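Chain by chain, the residues run as shown.
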Amino acid sequence: KSFGNEIFTIITVANLFPKKNIELVLDIAKEMKECRFIVVGDGTHRKVLEDKIKNENILNVELLGFKSTKEVRDYYQQSDCYLLTSFAEGTPTSALESMACGLPIVSSNAGGLGNIVEEHENGFIIDDFDKARYVEKIKLLRSNVDLRKKIFEKNILLAQKYKWENVASNITSLTQRKLNEVSVK
């Protein structure tokens, strides 16, 4: 992994629906003109976002549209930070995928990400959609390469725990233990 991107790149991967709160990504981008923001995904809200980008002259955001799984992985690997601003999430798969690529997460607490993301360990949770706090955490990551490297290593390791083979193996061993307890009685 190269930590020397000329322009610090922040990636968001989301369906472009109102609940994803991508307007906040655009507002953060306006505050951080020295960074590049890429938004992967498509949806009903795309036109609203394109209009906001045009009307407010936001030059550092690219709406890339839908991409294949391989393309998304390539974008993660070219990025420095993953940004999630959703009001609501199921399981935020894209956040977990970005962690598996080692990216630090700066996220709302949607979908229970606060149970996985630990402050300074693998990213930051912003509870109140406070633009200034998002900007502050992204600036911290941009300026502190050592922190990014530490998070990169942690997230790669953490992702191993959530790999399907490991989850399946844990479920199997737990089930076997429970069955053994029952048969002993």
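Residues numbered from 1 in each chain as written. Predicted model: local features only at pLDDT ≥ 70, side-chain atom pairs only at ≥ 80, totals over all residues. Heavy atoms only, no water.

Caption draft 1: Representation of the environment of Lys-33 within the structure. Tracing the sequence through the fold places Lys-33 in the loop between helix H1 (22-31) and strand S2 (36-40). Taking the relative accessible area as the measure of exposure, Lys-33 reaches 66% and is therefore exposed. Along the primary structure Lys-33 and Val-61 are separated by 28 residues, whereas in three dimensions their C-alpha atoms are 9.3 Å apart. A polar contact is formed between the side chain of Lys-33 and the backbone oxygen of Lys-30, at a distance of 2.9 Å. (Helix = DSSP H or I, 4+ residues; strand = E, 2+ residues; numbered from the N terminus. Buried < 20%, exposed > 50% of the residue type's maximum accessible area, 1.4 Å probe, protein only. Polar contact = N/O pair within 3.5 Å; in protein donor to acceptor, adjacent residues only side chain to side chain.)

Caption draft 2: Highlighting helix H6 (residues 145-161). Between its first and last C-alpha atoms H6 spans 25 Å; for 17 residues at 1.5 Å apiece the expected length is 24 Å, and the two agree. Where H6 is concerned, the buried positions are Leu-147, Arg-148, Ile-151, Phe-152, Asn-155, Leu-158 and Ala-159. Within H6, the buried residues cover an arc of 140° as seen down the axis, which keeps them to one side. Within H6, the exposed residues directed more than 90 degrees away from the buried face are Asp-146, Glu-153 and Leu-157. Close packing links the buried residues of H6 with helix H4 (93-100), strand S6 (123-125) and helix H5 (131-143). One side-chain oxygen at the N-terminal end of H6 lies 3.3 Å from the backbone nitrogen of Asp-146; it belongs to Asn-144. (Expected span 1.5 Å × (residues − 1). Arc of directions from axis to C-beta. Contact = heavy atoms within 4.5 Å.)

Caption draft 3: The side chain of Ser-98, seen in detail. Here Ser-98 is to be found in helix H4. Residue class for Ser-98 comes out buried when judged on its relative accessible area of 0%. Residues in contact with Ser-98, not counting those within four places in the same chain, are Tyr-76, Tyr-82, Leu-103 and Ile-105.

Caption draft 4: Just the environment of Asp-80, in detail. Tracing the backbone shows Asp-80 in the loop between helix H3 (69-78) and strand S4 (81-84). Since its relative accessible area comes to 2%, Asp-80 is described here as buried. Separated by 73 residues in sequence, Asp-80 and Ile-7 have C-alpha atoms that sit 9.3 Å apart. Contacts of Asp-80, omitting those with residues within four sequence positions, involve Asn-5, Ile-7, Phe-8, Thr-9, Leu-103, Pro-104 and Arg-148.

Caption draft 5: Region of the structure containing H1. Looking only at H1, the buried set comprises Ile-22, Leu-24, Val-25, Leu-26, Ile-28 and Ala-29. The inward-facing, buried residues of H1 abut strand S1 (9-13), S2, helix H2 (46-55), strand S3 (61-65), S4 and H5.

Caption draft 6: Structural detail: the sheet that holds S6. Taken in spatial order, the six strands of this open sheet run S3-S2-S1-S4-S5-S6, and their pairing is parallel. Single-partner strands in this sheet number two, and they are S3 and S6. Neighbouring strand axes in the sheet, compared pairwise and without regard to direction, differ in orientation by 20° on average. Across three bridges, S4 lies against strand S5 (residues 105-107) in parallel orientation. What sits directly across from Leu-84, in S5, is Ser-107. Each of S1, S2, S3 and S4 touches H3; the most contacted strand, S1, lies at about 150° to it. (Pairing = 2+ DSSP bridges. Axes fitted to C-alpha atoms, helices over the stretch in contact; angles between N-to-C directions.)

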